[in-house]
Amino acid sequence: MKKFLLYFIPLLTLSVFIAVMNSGAFLKQPLGKDDRLYESIQLIEAGVKNKDWSKVKTETAKMEKAWDKIARRIQFSVEKEQLLEIDGTIARIRGAVEAEDDQSVLEEIYYYYGQWEQLAR
Amino acid sequence: MNETVVVIIRVIISFFTLLIFTRLLGKQEVGQLTFFDYINGITIGSIAATLATDLSAKAWAHWLGLVGYALLTGLLQYITIKNRYLGKVLDGEPTVVIENGKILETNLRKMRIKLSELMTLLRSQQIFDITQVEYAVFEINGELSIKPKPEYLPVTRKDLQIPTKPGRLATEVIQDGVVLDQNLEQRKKDRDWLHQQLRAHNIENIKEVSYALILPNDRLYVDKFDDNIGKETEMGDYDGPY
């Protein structure tokens, strides 16, 4: 038993470390109802195209909450710069939504899609 | 991003990874490390430190670097044990640098050692007269091994034909007030014997004992928690507090 634990504990420790360091790709996906970031942004895109600004503003608030949740759980497996860059993009989407500037919102959304693809890869 | 939490998690990952890998790579003494082992150890340590604190790159990338270095080190260790030729190529081999008091300049040059460095190494081994040296060998861990000429070797018990007994090791039998029964058995003693010995030292309770050893001559060395040491051993020359 002792010998088994002697090998099992280091192996388990290394496996947990590997899992933590590679959990980003899994943890960026929605795990509940209020962390559907990608979906929120798609809804914002659709809202902007239909000029439905009130719906866009509601979705923007949801988007920010979702990003806070996701950022907290993927921070162990991604680069700090990637998180900061998405932080910036989300802030710029919020600003453009407040200004009801559809062109800027769409620019930032497509930039975000690119960042999302690269996140935790 | 909560930097504090991320750094704490990454410190845990790098610390225990390093611990596991160094245990796997064996316990070569620091003094026996070759120059490559030494540099390799520094590099592995540096990667582990970066893994813990450099948040600008993913932990995984640094961790893979660490694993790569550990695996290659393990592989080279395996090769040097299994293949004598490759072992010599990778680790190098000892080189004679002094023979019969004469410095072998060609070998020194091959090893890129200066004469002044050779003299320093000799002096550090208490050799101040090079003519006393029969052989000096430069080892792969950077140390100089010296064989003095027979006339300069110290006299031994064997030379003087003084009878000797085979040496034994001391065995720990009490540590922090706890009896180590397994060690007592090794020396073919029992608790009764131990209590008897302790009573001879005016000790009634084992809990008073910090450390006890059975010496090679079968006598018991006892150190109590209460050392009864007077102020004369006090080294400080200020009252404190410090």
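Rules used throughout
- Residues numbered from 1 in each chain as written.
- Chains lettered and ligands numbered in written order.
- Predicted model: local features only at pLDDT ≥ 70, side-chain atom pairs only at ≥ 80, totals over all residues.
- Heavy atoms only, no water.
- UniProt positions renumbered as here; feature names shortened; annotations may be inferred.
- Helix = DSSP H or I, 4+ residues; strand = E, 2+ residues; numbered from the N terminus.
- Rg over C-alpha atoms; globule rule 2.2 N^0.38 Å.
- Buried < 20%, exposed > 50% of the residue type's maximum accessible area, 1.4 Å probe, protein only.
- Contact = heavy atoms within 4.5 Å.
- Areas by Shrake-Rupley, 256 points an atom, 1.4 Å probe, with all protein chains shown as cover.
- Lys, Arg positive; Asp, Glu negative; His and termini not counted.
- Charge placed at Lys NZ, Arg CZ, Asp CG, Glu CD.
- Expected span 1.5 Å × (residues − 1).
- Arc of directions from axis to C-beta.
- Axes fitted to C-alpha atoms, helices over the stretch in contact; angles between N-to-C directions.
- Parallel < 35°, antiparallel > 145°, perpendicular 65-115°, else oblique.
- Nonpolar A, V, L, I, M, F, W, Y, C, P; charged D, E, K, R; others polar.
- Pairing = 2+ DSSP bridges.
- Buried area = accessible area lost by both parts, 1.4 Å probe.
- Salt bridge = Lys/Arg side-chain N within 4 Å of Asp/Glu carboxyl O.
- Polar contact = N/O pair within 3.5 Å; in protein donor to acceptor, adjacent residues only side chain to side chain.
- pLDDT = per-residue confidence, 0-100.

- As recorded by an unreviewed UniProt entry, chain B carries the name DUF421 domain-containing protein and is attributed to Sediminibacillus dalangtanensis.
- Quoted verbatim from the Subcellular location (unreviewed entry) field of UniProt, the annotation for chain B is "Cell membrane".
- Listed in UniProt under the heading Sequence similarities (unreviewed entry), the comment for chain B reads: "Belongs to the UPF0702 family."

- For chain A, the name recorded in an unreviewed UniProt entry is DUF4363 family protein, with Sediminibacillus dalangtanensis as its organism.

Remarks on the overall build of chain A
Part 1: Scanning chain A for helices and strands turns up six helices and zero strands.
Part 2: Going from N to C terminus, chain A has its helices and strands arranged as α-α-α-α-α-α.
Part 3: Taking 14 Å as the expected radius of gyration for a compact globule of 121 residues, we find that chain A reaches 19 Å, considerably beyond that expectation.
Part 4: Its C-alpha atoms give chain A principal-axis dimensions of roughly 65 × 25 × 15 Å.
Part 5: Sorting the 121 residues of chain A into buried and exposed places 39% on the buried side.
Part 6: Counting only contacts in chain A whose residues sit at least 6 apart along the sequence, the fraction spanning at least 24 positions is 73%.
Part 7: Accessible area for chain A stands at about 7,000 Å²; split by element, carbon and sulfur atoms hold 58% of it.
Part 8: For chain A, the centre of its 18 positive side-chain charges and the centre of its 19 negative side-chain charges are spaced 10 Å apart.

Description of helix 6 (residues 102–118) of chain A
Residue and element names in this part refer to chain A.
Part 1: The end-to-end C-alpha distance of helix 6 is 25 Å, a good match for the 24 Å that 17 residues give at a rise of 1.5 Å each.
Part 2: Here helix 6 has its buried residues at Val105, Glu108, Ile109, Tyr112, Tyr113, Gln115 and Trp116. When helix 6 is viewed along its axis, its buried side chains cluster within an angular range of 170 degrees and face the same direction. Residues of helix 6 that are exposed and point more than 90 degrees away from the buried face comprise Gln103 and Glu107.
Part 3: Buried-residue contacts for helix 6 involve helix 3 (37–49), helix 4 (53–74) and helix 5 (80–98).
Part 4: After helix 6 finishes, the residue alanine 120 shows a positive phi value of roughly 60 degrees.

Some thoughts on the packing of helix 1 (residues 3–24) of chain B against helix 3 (residues 59–82) of chain B
Residue and element names in this part refer to chain B.
Part 1: Interaxial distance between helix 1 and helix 3 falls to 11 Å at its minimum, and their mutual angle equals 10 degrees. Looking at the two axes, helix 1 sits roughly parallel to helix 3. Residue-level inspection shows Arg10, Ile13, Thr17, Leu18 and Phe21 of helix 1 in contact with helix 3, the latter providing Ala59, His62, Trp63, Leu66, Val67 and Ala70.
Part 2: Looking at side-chain class alone, the contact of helix 1 with helix 3 contains eight nonpolar, two polar and one charged residues.

Overview of the sheet that holds strand 3 (residues 133–138) of chain B
Residues and elements named next belong to chain B.
Part 1: Taken in spatial order, the four strands line up as 2-1-3-4 in an open sheet, and their pairing is antiparallel. Each end of this open sheet is capped by a strand with a single partner; those strands are strand 2 (102–103) and strand 4 (144–148).
Part 2: Alignment of strand 1 (residues 95–99) against strand 2, held across two bridges, turns out to be antiparallel. Residue pairing in the sheet places glutamate 99 in a bridge with lysine 102 of strand 2.

Comments concerning the interface of chain A and chain B
Part 1: Contacts between the two partners involve 18 residues from chain A, matched on the other side by 19 residues from chain B.
Part 2: Between chain A and chain B, the buried area comes to about 1,700 Å², and carbon and sulfur atoms account for 72% of it.
Part 3: In this assembly, chain A and chain B are joined by one salt bridge.
Part 4: Between Glu3(B) and Lys80(A) there is a salt bridge, with its nearest N and O atoms 2.2 Å apart.
Part 5: Inspection of the region where chain A meets chain B yields four residue pairs in polar contact (both at pLDDT 80 or more).

Some thoughts on the environment of Trp116(A)
Residues and elements named next belong to chain A.
Part 1: Secondary-structure assignment places tryptophan 116 in helix 6.
Part 2: Take tryptophan 116: its relative accessible area is 7%, and that puts it in the buried class.
Part 3: If we ignore the near neighbours within four places in the chain, the residues touching tryptophan 116 are Lys28, Leu37, Tyr38 and Ile70.

Considerations on the confidence of the model for chain B
Part 1: Averaged over all residues, the pLDDT of chain B equals 89, while 97% of them reach at least 70.
Part 2: Reported confidence for the predicted complex is 0.85 by ipTM and 0.75 by pTM.

Side note on the sheet that holds strand 8 (residues 220–224) of chain B
All names here are of chain B.
Part 1: Sheet architecture is open: four strands sit in the order 6-5-7-8, paired in antiparallel fashion. A single partner strand is all that each edge strand has here, and the edge strands are strand 6 (178–179) and strand 8.
Part 2: Note: strand 5 (residues 171–175) against strand 6, two bridges, orientation antiparallel. Within strand 6, the residue paired with glutamine 175 across the bridge is valine 178.
Part 3: Against the sheet, helix 8 (residues 191–200) makes contact with strand 5, strand 6, strand 7 (209–214) and strand 8, and its axis sits at roughly 65 degrees relative to strand 8, the strand it touches most.

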